[in-house]
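Fold and geometry: a report
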Amino acid sequence: MNPIVIAPSILSADFARLGAEIAAVEQAGADWIHFDVMDNHFVPNLTFGPMVLKAVRPHTRLPIDVHLMVQPVDALVEGFAAAGADLIAVHVEACPHLDRTLQLIRSKGKQTGVVLNPATPAAALDCVLSEVDLVLLMTVNPGFAGQSFIGSVVDKIRTVRRMIDMTGRPIRLEVDGGITPATIGAAAAAGADTFVAGSAVFGGKDYAAAITALRAGAAA
Ligand code: DX5
Ligand code: ZN
């Protein structure tokens, strides 16, 4: 099993102080930074693009995990790769030529991730698992921070854990949405090893305490 990763989502940070917020969660013990890109087309919200990634990149040494909730995807991959993404994750629901998109990400020297919405079955991974470094299972319907964890996804986490173990490769299994000290344990027990948290980290004042509470919840 991979070591646990906690990836605060800057979707819940103070956008007026983004560089400082990222530095603060790094200082507080975060492992990765999660960068949520929304386009008001694939999801009903609008966030930030490669220029913002480029601006924040010098503010942290942590890996930046870019979650693209956009359609079409391919035209943006180059921009995010050049702006300093370490991993680029794309939704199967947004990519008609998923294999091509994953090859494109790889060709830019970046790690690849594939994302499934809560209603998308694990079988959608069957033909792409050999191409990815990370699988992200959404535990909310994407678009907004602060939603409730969808418990029915836990069975899918278990299924995907088995699929990953069968490959023998250290593919990370990430969950995103409604992750709190109260919900993280169920996701971890089912086999997730990488945890995105927006409001659970940035919603309070003490980021270090929030990250410690998440780690404790994952280990419980
Ligand atoms: C949802 C985003 C998440 C979101 C998580 O569409 O992909 O990364 O920021 O926020 P919380 O942890 O508050 O559910
Ligand atoms: Zn996300």
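Residues numbered from 1 in each chain as written. Chains lettered and ligands numbered in written order. Predicted model: local features only at pLDDT ≥ 70, side-chain atom pairs only at ≥ 80, totals over all residues.

Details of the site of ligand 1
Using the following cut-off: Note on definitions: a residue is near a molecule or strand provided its C-beta atom, placed from the backbone, lies within 6 Å of it. Every helix listed is a DSSP run of H or I at least four residues long, and every strand listed is a run of E at least two residues long, numbered separately from the N terminus. When residue character is reported, Ala, Val, Leu, Ile, Met, Phe, Trp, Tyr, Cys and Pro are called nonpolar, Asp, Glu, Lys and Arg charged, and the others, Gly included, polar.
Contacts to ligand 1 come from 21 residues, most closely from L11, P142, A145, G198 and S199. Elements with a minimum of two residues in the shell around ligand 1: β2 (33-38), β8 (194-197) and α7 (199-202). Broken down by class, the residue content of the shell around ligand 1 amounts to 8 nonpolar, 11 polar and 2 charged.

Some details on unusual backbone geometry
This is how it is decided: Counting other C-beta atoms within 10 Å of a residue's C-beta gives its exposure: the residue is buried at 20 or more, exposed at 12 or fewer, and partly exposed in between, where C-beta atoms are placed from the backbone.
Along the chain, Q71 connects to P72 via a cis peptide bond; the corresponding omega equals 0°. Within the element layout of this structure, P72 appears in the loop between β3 (64-69) and α3 (74-83). Its identity is not glycine, yet N40 carries a phi of approximately 55°, on the positive side. In this structure, N40 sits in the loop between β2 and α2 (50-56). Residue classification places N40 among the exposed residues on the basis of 12 C-beta atoms within 10 Å.

Here's the deal with the UniProt feature "active site" (unreviewed entry) in the protein chain
Put simply, the rule reads: UniProt positions are given in the numbering used here, feature names are shortened, and annotations may be inferred rather than shown by experiment. We call two residues in contact whenever the C-beta atoms placed from their backbones are within 7 Å.
Feature annotation in UniProt assigns "active site" (unreviewed entry) to the following positions: D36 and D176. The greatest C-alpha distance among the residues just named is 10.5 Å, despite their covering 141 residues of sequence, which places them together in space. Note that D36 resides in strand β2. Apart from residues no more than four positions distant in its own chain, D36 is found in contact with S9, L11, T47, H67 and M69. Locating D176 in the fold gives a position in strand β7 (residues 172-176). Given 26 C-beta atoms within 10 Å, D176 falls into the buried group. If near-sequence neighbours (up to four positions away) are discounted, D176 is found in contact with H67, L136, M138, T139 and V196.

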